[in-house]
Amino acid sequence: MKTQIADQKLNGTSHEEIYNRAVKVLTGGVSRNTIYRKPHPYYVASANGSFITDISGIERIDFANNMASLIHGHSHPAIVEAVTEQLKKGTAFTMGTEAEVSFAELLTSRSSGFEKIRFMNSGTEAVMTMIKASRAYTGKPKIAKAEGAYHGTYDYAEVSQTANPGNWGDIDHPNAVPLVQGTPQGVMDDVVIFPYNDVERTLALLDQNADQIACVLIDLVPHRIGMFRASSEFVEAIYNWTRKNNALMVFDEVITYRVNYAGAQDSYSVKPDLTALGKIIGGGFPVGAVAGKDEIMKVLDPTEKILRHPHSGTFSANPVTMTAGRIAMELFDEQAVLDLNALAMTARNQIEESIKISDVPLSITGAGSMFRIHLQENAPTSYREINQTKAAKTIINELLDYLFFEENIIMINTLACMFATTLTQNNVDQLSEALLRGFKKVKPMIEQLS
Ligand SMILES: Cc1ncc(COP(=O)(O)O)c(C=O)c1O
């Protein structure tokens, strides 16, 4: 089946042929490991709304939306029109643009804690700038982050991202585990790792480093930890701890900003000092931003007597991204957020039904317009619970391949979906029915796991 599809050609070129060229010039044949799949990546011809057509002419429903970054699917007409206008006027200048100011006005009016904002080019940069700003503001070197949490690729933010039973250590004192070989020991020494949603252990670990922690970094619905929500008790405990210990509470809302109109943070009584943003606020273009308290954001302010954190970036706040982002976020208004969350909830309920009918030990977690399916009967509550064996990863890949090749459905490689406003109830029905067939197919493999 797979080879047959791979060999099909549109305009005379096959996926395999492009990949054979790719491996000669791109290391591993890709620029982002996420798009690699065996035996090779598949190449896009065009996309519109919630559909992507590949170069073989096969159309698939897209539930991944470029890793949660396209809140209105592909090529939204209003975004295309506004960006086309901007392209004709120029794409990047060593001068300011009104596009940047208008977008900043929109985002600061959207979330109450966003007194000031700065734009950059990726979520990674946003998290990095937020961490460096925290150090500059507090004068302290360390950060605290959750075991298993993904926050992009800044050295400090990626510590313990893929900690495993062989290296994660005692839960009372989780090891700071390097992700990339060659990460300096000094980086690990400056990162305190805590178990997510575990109030008692986290506070004890923070206390042990109290005079050195600049910020506690939290994703309110951490995808890689299991995509369940932070408990209010956990967030409030961290907030109170940071107030007492001259530290900042900072949120990574690069993915979760979609959860409510004002971000996932709107569900909590306490607000962060700084928030990192990315993905959907770029309207389909590369973006990052840090927003938060004016007094703290001042570390970036070039008009201050002492500039504590010089910050720039050749393409930061480029007018193409600013224009696309503003249109996307204007369209993602309060009603659009509610409607999208309702559609995702319907999908979750239908998938629960598919799980029941197929009688497989699976569970589903999520928030707002995103959810993730797990190969375990009870919904996970901690990172250590979802650590997957090789056999489990094989089953997930089998299911993803089945969906991709036989059902023409694209999901994120953790078995997650990130909805876009272009999806319909009909698409949701197709998803839950395809999953039902997929679950039945991998059922014998899942049963062998236990
Ligand atoms: C929670 C979170 N933080 C940060 C990032 C990094 O964003 P980017 O890929 O734009 O650098 C991601 C990307 O997936 C993310 O999911």
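Residues numbered from 1 in each chain as written. Predicted model: local features only at pLDDT ≥ 70, side-chain atom pairs only at ≥ 80, totals over all residues. Heavy atoms only, no water.

Draft legend 1. Structural context of the overall build of the protein. Regarding its fold elements, the protein presents 15 helices and 14 strands. Relative to a compact globule of 450 residues, whose C-alpha radius of gyration would be 22 Å, the protein shows 22 Å and is just as compact. Taking the principal axes of the C-alpha coordinates as reference, the protein spans close to 65 × 55 × 45 Å. Burial status across the protein gives 55% buried among its 450 residues. In the protein, 68% of the contacts between residues at least 6 apart in sequence involve partners at least 24 apart. (Helix = DSSP H or I, 4+ residues; strand = E, 2+ residues; numbered from the N terminus. Rg over C-alpha atoms; globule rule 2.2 N^0.38 Å. Buried < 20%, exposed > 50% of the residue type's maximum accessible area, 1.4 Å probe, protein only. Contact = heavy atoms within 4.5 Å.)

Draft legend 2. Just the nonpolar core, in detail. If you look at the biggest cluster of nonpolar residues, it comprises 56 residues, and the most contacted ones within it are Ile281, Met411 and Phe419. Counting only elements with at least two residues in this core, the list comes to α5 (98-110), β4 (116-120), β10 (288-292), α11 (319-331), α12 (334-358), β12 (370-374), α14 (390-406) and α15 (425-449). At eight residues, α12 tops the list of elements feeding residues into this core. When sequence neighbours within four positions are dropped, the list of residues in contact with Phe419 reads Phe63, Asn65, Ile71, Arg258, Leu340, Leu343, Ala344, Ala347, Ser369, Phe371 and Val428. (Core = buried A, V, L, I, M, F, W, Y, C linked by side-chain atoms within 4.5 Å.)

Draft legend 3. Layout of the pattern of salt bridges. One pass over the structure, following the stated rule, counts 13 salt bridges. A salt bridge links Lys298 to Asp294; the nearest nitrogen and oxygen atoms lie 3.8 Å apart. On the basis of relative accessibility, which here comes to 23%, the residue Asp294 falls in the partly exposed class. Among the salt bridges present, the one from Arg437 reaches Glu407, with a minimum N-O distance of 2.7 Å. Residue Arg437 is found in helix α15, and its partner Glu407 is found in the loop between α14 and β13 (409-410); the two are separated by 30 residues along the sequence. Judged by its relative accessible area of 18%, Glu407 falls in the buried class. Because the salt bridges share partners, they merge into one network encompassing Lys116, Asp294 and Lys298. (Salt bridge = Lys/Arg side-chain N within 4 Å of Asp/Glu carboxyl O.)

Distances and angles like these do not, on their own, reveal function.
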